[in-house]
Amino acid sequence: MNKASTGHFFEDFALGQILYHAVSRTITEADTSLYTALTGSRFSLYCNKEFAQQLGYEKLPIDNLLLFQIAFGKTVDDISLNAVANLGYAEVEFLETVFVGDTISVVSEVIGLKENSNGKTGIVYVHSKAINQHGFQVLSWKRWVMVHKRQEGMQNMFAVEPQLANQVPFENLATPQPFNAAAYDCKFSGENFKLNDYEVGEWIDHIDGLTIDHSEHTMATKLYQNNAKVHFNQHQMSSSQHQKRLVYGGHIISLCRTISHNGLANAQWLAAINGGAHLNPSFAGDTIYAVTQVLDTQELGSGLGAMRLRTLGYKNCLWQELKPQFDRAVEGKAQLPSDFVLDLDYTVLIPS
Amino acid sequence: MNKASTGHFFEDFALGQILYHAVSRTITEADTSLYTALTGSRFSLYCNKEFAQQLGYEKLPIDNLLLFQIAFGKTVDDISLNAVANLGYAEVEFLETVFVGDTISVVSEVIGLKENSNGKTGIVYVHSKAINQHGFQVLSWKRWVMVHKRQEGMQNMFAVEPQLANQVPFENLATPQPFNAAAYDCKFSGENFKLNDYEVGEWIDHIDGLTIDHSEHTMATKLYQNNAKVHFNQHQMSSSQHQKRLVYGGHIISLCRTISHNGLANAQWLAAINGGAHLNPSFAGDTIYAVTQVLDTQELGSGLGAMRLRTLGYKNCLWQELKPQFDRAVEGKAQLPSDFVLDLDYTVLIPS
Amino acid sequence: MNKASTGHFFEDFALGQILYHAVSRTITEADTSLYTALTGSRFSLYCNKEFAQQLGYEKLPIDNLLLFQIAFGKTVDDISLNAVANLGYAEVEFLETVFVGDTISVVSEVIGLKENSNGKTGIVYVHSKAINQHGFQVLSWKRWVMVHKRQEGMQNMFAVEPQLANQVPFENLATPQPFNAAAYDCKFSGENFKLNDYEVGEWIDHIDGLTIDHSEHTMATKLYQNNAKVHFNQHQMSSSQHQKRLVYGGHIISLCRTISHNGLANAQWLAAINGGAHLNPSFAGDTIYAVTQVLDTQELGSGLGAMRLRTLGYKNCLWQELKPQFDRAVEGKAQLPSDFVLDLDYTVLIPS
């Protein structure tokens, strides 16, 4: 019997099953520098120790999206190695700030299972938690993936689909502690827009495009120790539908967040992801763009506010070309064009 | 109104204007490791803590060229996002050693403005300074860029062109303090050539070529948080003159400096850049070579000397093929061939 | 005379010659993160400070294969810059654990010399040692390379070929001190196989393939400050046999070791390399796969065992396609197919 694992198939999951994911990880300054080099991130809180200290942090904090990528990476070997598709995220909550030098472990619970009527695949819902070296939960998230069955055929099992909130409520958001609002100086971010400068319904076209190359997306995905085959194995992918490697969807989220800095530079804290979908795959050579709509805002006190945002990522075209089709799609008169790659509903904290 | 910035145009600059650049940056060991991986640098002072300590440094110093790249990167968003071309550098002075863990902030003053007669562009001269967390100036430099006008047409403004020195005088060079010359051992650099082994007028053909690939130059440029669009957006650049992304000129400087290690391994300290020009653009796939001429040398005392060098970077051909044309160009009988990409006049410190 | 070195040729080596290699290196957390990003390594001991501390390590250890790559890189400029081929390795012994922040220096002795009858090349055998900042030997290895002669023709010198052991005996292996076997928890590696689960003769097909891209292999090789021209200079390699840059053979070893994690996740410690050969070159675009045969196992006491392994790396095909040809080659009835790129005989430590 071959000792190498082929990963879990739909039949290997059971409701309530607990999976302790391997390869816990100490997150270092180097991971932050690599994240900057791989995505181009310019959020100043994560690359400026002096600024972080002024705000009350003793050490340099880790960008929550980098934390998410690393934590997510741990779950792939057990959950999505044989995934057909990553269907969605919900209730992604960043609960405690993670600092340079912290070590995170990740554990998941199977919270839902549902066969697909084709007899070939099923949907697995998991609730994953990242825990730091002190035993505190720093991140909690739910996701569901479509997974291949080991053997074709229906088991006619009872489907369990968890109730998933469509938003992490503003009042549940963890806020940075301690936070010295008086020390927040927009000089460090380069933009003066604070909470009250944004209007609900407002659109921001982030303008800049970032082209993806092979080594960059594979290095990012390897940095997260995410070992999903579809990103790495051209020999195998040559006989797939698109005949090429797929870019890890999380890398697209990071690129869109980086691009969104232009217009949202003070939205330094990613506090929650309410929901998200990868609308189409991306490939090396694609140029990613992003626009954001402000969905809601709320003053939280102590000089901080929350802003619920919808960021749309699309590729190889400009927003003015895409907007008419998007509007028709919103009205139900057309399909969303295949240029869209990401639809992300998330909440950020921003000085007020 | 869209909150994302389209960057400054010629009309947005005013003489004497001060620009505090965003995204100050803590420079870490990781930035040094990435710089090594991205350029192949082998200057031993920046990767060997024991050697640095023997010479009198308590912590590992940051390569001045890496410092320059990061400091320069900060200025792009305010100064050269809409640049047509980076025309030149002058009076680049490295004033204090920067160490692992230091945080640098960058501020610029507009010191010159000049409209071009085409009515479409103008030239902006800036004096930029990088300041560490203790408030000390660590780097000062001047550069001038050609910037698009927002609106076509002549304003017939009074042109102000600053006087720029064509050399940072040897006597103005900051020398490493403390510096234990007796501890300098050529075993660590791998070459025995010291100040007095070099003759004024001497040429060094550094032999080795380095091919540029996409992820490497874009990662370097992103590491510096330089967000100039021309390096990153293939979708936009497809309709430009060359139909492809341009390699950041600073990356070419770093590659030429790396290549120059072979023959200049003890010229560890970059002390000043007297002037520089990017003669032609470089693209992914190009192989960069370099030659250096020794322009001047001077003993500084305490076991250190200064050497003024001219390094020429060129691509996809050998020096013996290029030299005859170069010689004719020097005599004014021919154009400098378009294989040349860099002409850099700079000063290094070297044990004497 | 040009000050840049063209490297050593066969005539430049003498029996007993000692070469102190330049560019000693402090190995940092960043080198570990980069190694993860460049290879995808998931061995948990090197990325999880908490796990390392439970096992008795005060600081995060450096992966022995990363140590080898960096130490090997130092020797290239003096030994193999003009190598035609890296012929083999023997007696590679990891003697002491190297930790984040340690600085290693490398020295080599020429232990064998042999002209080839073509009069154009010769074989140089060297014994190299890496020494940490405390003066302790941390790594010792022998390798032999085919090197160009400066001038064609036979010198009819006396050939000296060193006796090389075909195995580092189990009883000579350095074991991690202190090692708290009771704290070893397979939860951290993700696999439950320990020493006694492996049978001599057993094969493991590691399944996963990793495609190599340009920036990734050149960045890895530059990180190690290995400056062999064949990996970096496309302009020069365009006129070579394969018309493209060769991937550094050491990078293939690292990729195969990474791939071997699936089935060997508890074989965390690389203790020795008994022998190795690069069977064919690899290029950007190739997808690397690996299989391993267990050659021998031995209980070492204190909860640790040793396992001698043979890992075969091959490219762009599956093991089931290759196995019949491999079996015929073993029986001497066929040549080993050119899909094979690596044949590595090494010894790992694994909890028992």
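Keep in mind that this is a model prediction, so the values were computed, not measured. (Residues numbered from 1 in each chain as written. Chains lettered and ligands numbered in written order. Predicted model: local features only at pLDDT ≥ 70, side-chain atom pairs only at ≥ 80, totals over all residues. Heavy atoms only, no water.)

Both copies of the chain are placed relative to one another by a rotation about an axis and a shift along it. Superposition of chain A onto chain B requires a rotation of 120 degrees combined with a translation of 0.0 Å along the rotation axis, giving an RMSD of 0.0 Å. On this basis, the relationship between the two copies can be described by a three-fold rotation axis. Ranked by how close their C-alpha atoms come to the rotation axis, the residues of chain A are headed by Ala-30 of chain A, at 2.7 Å. Of the residues that chain A buries at the interface, just 13% are likewise interface residues in chain B, meaning the two copies contact each other through different surfaces. (Least-squares fit on C-alpha atoms with pLDDT ≥ 70 in both. Contact = heavy atoms within 4.5 Å.)

Next up on the list: the interface of chain A and chain B. By a frequent convention, interface size equals the accessible area lost on bringing the separate parts together. The partner chain B presents 37 residues to the 46 residues of chain A that form the contact. Between chain A and chain B, roughly 3,300 Å² of surface is buried when both sides are summed, and carbon and sulfur atoms account for 54% of that area. For the chain A face of the interface with chain B, the top three residues by lost area are Ala-37, Arg-42 and Cys-47 of chain A, together amounting to 19%. On inspection of chain A and its partner chain B, the count reaches four salt bridges. With its nearest N and O atoms 2.7 Å apart, the salt bridge here joins Asp-208 of chain A to Lys-229 of chain B. At the junction of chain A with chain B, the criterion picks out 24 residue pairs in polar contact (both at pLDDT 80 or more). Counting residues per element, the ones that place at least two in the side of chain A that touches chain B are α1 (29–39), α2 (49–54), β7 (203–205), β8 (210–211), α4 (214–223) and β10 (287–301) of chain A. In terms of residue count, α1 of chain A provides more of the side of chain A that touches chain B than any other element does, eight residues in total. Along the lines of polarity and charge, the residues of the side of chain A that touches chain B split into 16 nonpolar, 18 polar and twelve charged. (Buried area = accessible area lost by both parts, 1.4 Å probe. Salt bridge = Lys/Arg side-chain N within 4 Å of Asp/Glu carboxyl O. Polar contact = N/O pair within 3.5 Å; in protein donor to acceptor, adjacent residues only side chain to side chain. Helix = DSSP H or I, 4+ residues; strand = E, 2+ residues; numbered from the N terminus. Nonpolar A, V, L, I, M, F, W, Y, C, P; charged D, E, K, R; others polar.)

Moving on: the nonpolar core. Counting 247 residues, the largest nonpolar core has Leu-139 and Trp-269 of chain A, Leu-139 and Trp-269 of chain B together with Leu-139 and Trp-269 of chain C as the members making the most contacts within it. Counting contributing residues per domain, this core is built from domain 1 (1–27 + 62–164) and domain 2 (166–352) of chain B, each supplying no fewer than three. Those residues within four positions of Leu-139 of chain C in sequence are excluded, and the remaining contacts are Leu-67, Phe-68, Ala-71, Val-92, Glu-93, Phe-94, Leu-95, Ser-128, Lys-129 and Ala-130 of chain C. (Core = buried A, V, L, I, M, F, W, Y, C linked by side-chain atoms within 4.5 Å. Buried < 20%, exposed > 50% of the residue type's maximum accessible area, 1.4 Å probe, protein only. Domains from an automatic or database assignment.)

All names here are of chain B. Taken N-terminus to C-terminus, the directions of helix α1 (residues 29–39) and helix α6 (residues 249–259) make an angle of 80 degrees; their axes are 10 Å apart at the nearest point. Classified by the angle between their axes, α1 and α6 sit roughly perpendicular to one another. The segment α1 lies against α6, with Tyr-35, Leu-38 and Thr-39 engaging His-251, Ser-254, Leu-255 and Thr-258. Along the lines of polarity and charge, the residues of the contact of α1 with α6 split into three nonpolar, four polar and no charged. (Axes fitted to C-alpha atoms, helices over the stretch in contact; angles between N-to-C directions. Parallel < 35°, antiparallel > 145°, perpendicular 65-115°, else oblique.)

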